[in-house]
Amino acid sequence: MRPEHCSTRNHIEVWHDRALPSGPERIGFWVVLRGSVLPILVWAGVGCFVFVLYNPLVAMVLGGLFALSFVVGFGLRRRARHSVRCSVYGTVGGVLDKSMAGF
């Protein structure tokens, strides 16, 4: 994959459509995070809830599952020969997008 096309709208799907630029262009990490605000808030709330209600260990397990998901997603994207930048952006957007499928 050519580096100038790696970090484009075509390769990174952010589930919040209004956060994406109008055409294929490089996007910044802030755009990926802005498109993922709802899942970040939901999972932060879930983490706080289980921390207070159950035990800090449960919140640490939840955080560990997310960290594992990010590492696996990053590894799969790098194996598919994406650049490091595209892998990071795609992993953040993808993991947060797919984590909301249960809701």
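Structure shown above.
Residues numbered from 1 in each chain as written. Predicted model: local features only at pLDDT ≥ 70, side-chain atom pairs only at ≥ 80, totals over all residues. Heavy atoms only, no water.

Just give me the short version of the overall build of the protein chain, but keep the residues and values in it.
Helix and strand counts for the protein chain stand at five helices and zero strands. Along the protein chain, from the amino end to the carboxyl end, the secondary structure elements read α-α-α-α-α. Counting only contacts in the protein chain whose residues sit at least 6 apart along the sequence, the fraction spanning at least 24 positions is 44%. About 6,800 Å² of surface is accessible on the protein chain, with carbon and sulfur atoms providing 66% of the total. (Helix = DSSP H or I, 4+ residues; strand = E, 2+ residues; numbered from the N terminus. Contact = heavy atoms within 4.5 Å. Areas by Shrake-Rupley, 256 points an atom, 1.4 Å probe, with all protein chains shown as cover.)

Quick rundown of the packing of aromatic side chains? Include the residues and the values.
By the definition in use, this model includes two aromatic pairs. Ring centres 5.2 Å apart and planes at 70° place the aromatic pair tryptophan 43 and phenylalanine 66 in the edge-to-face group. Residue tryptophan 43 is located in helix H3 (residues 37-53), and its partner phenylalanine 66 is located in helix H4 (residues 56-79); the two are separated by 23 residues in the primary sequence. Using a relative accessible area of 17% as the deciding quantity, one classes phenylalanine 66 as buried. (Phe/Tyr/Trp six-rings, centres within 6.5 Å; stacked < 30°, edge-to-face > 60°. Buried < 20%, exposed > 50% of the residue type's maximum accessible area, 1.4 Å probe, protein only.)

So what about a nonpolar patch on the surface? Which residues, and what values?
A contiguous nonpolar patch, built from Phe49, Leu53, Tyr54 and Val58 and spanning about 430 Å² of accessible area, is present on the exposed surface. Here phenylalanine 49 shows up in helix H3. (Patch = residues over 30% accessible without salt bridge, like charges linked within 9 Å, V, L, I, M, F, W, Y side chains within 5 Å. Salt bridge = Lys/Arg side-chain N within 4 Å of Asp/Glu carboxyl O.)

Go over the packing of H3 against H4, please, and point to the residues and values.
At a minimum axis separation of 7 Å, H3 and H4 run at an interaxial angle of 150°. Viewed along their axes, H3 and H4 adopt a mutual orientation that is roughly antiparallel. Taking contact as the criterion, the partners of Trp43, Val46, Gly47, Val50 and Phe51 in H3 are, on H4, Pro56, Val58, Ala59, Leu62 and Phe66. Residue composition of the contact of H3 with H4, grouped by class: nine nonpolar, one polar and no charged. (Axes fitted to C-alpha atoms, helices over the stretch in contact; angles between N-to-C directions. Parallel < 35°, antiparallel > 145°, perpendicular 65-115°, else oblique. Nonpolar A, V, L, I, M, F, W, Y, C, P; charged D, E, K, R; others polar.)

Tell me about H4, and name the residues and values.
When the terminal C-alpha atoms of H4 are compared, their 34 Å separation across 24 residues agrees well with the 34 Å that a helix rising 1.5 Å per residue should span. Those residues of H4 not exposed but buried are Leu62, Phe66 and Gly73. One or two residues past the end of H4 sits arginine 81, with phi positive at roughly 70°. (Expected span 1.5 Å × (residues − 1).)

Let's hear about the packing of H4 against helix H5 (residues 84-99): which residues, and what values?
For the pair H4 and H5, the least separation of the axes is 8 Å and the interaxial angle reads 135°. Our classification of the angle between H4 and H5 gives oblique. The interaxial crossing formed by H4 with H5 has right-handed handedness. Seen from H4, the contacting residues are Phe66, Ser69, Phe70, Gly73, Phe74, Arg77 and Arg78; seen from H5, they are Val84, Cys86, Ser87, Val88, Gly90, Thr91, Val92, Val95, Leu96 and Ser99. (Left-handed = near helix turned anticlockwise from the far one by under 90°.)

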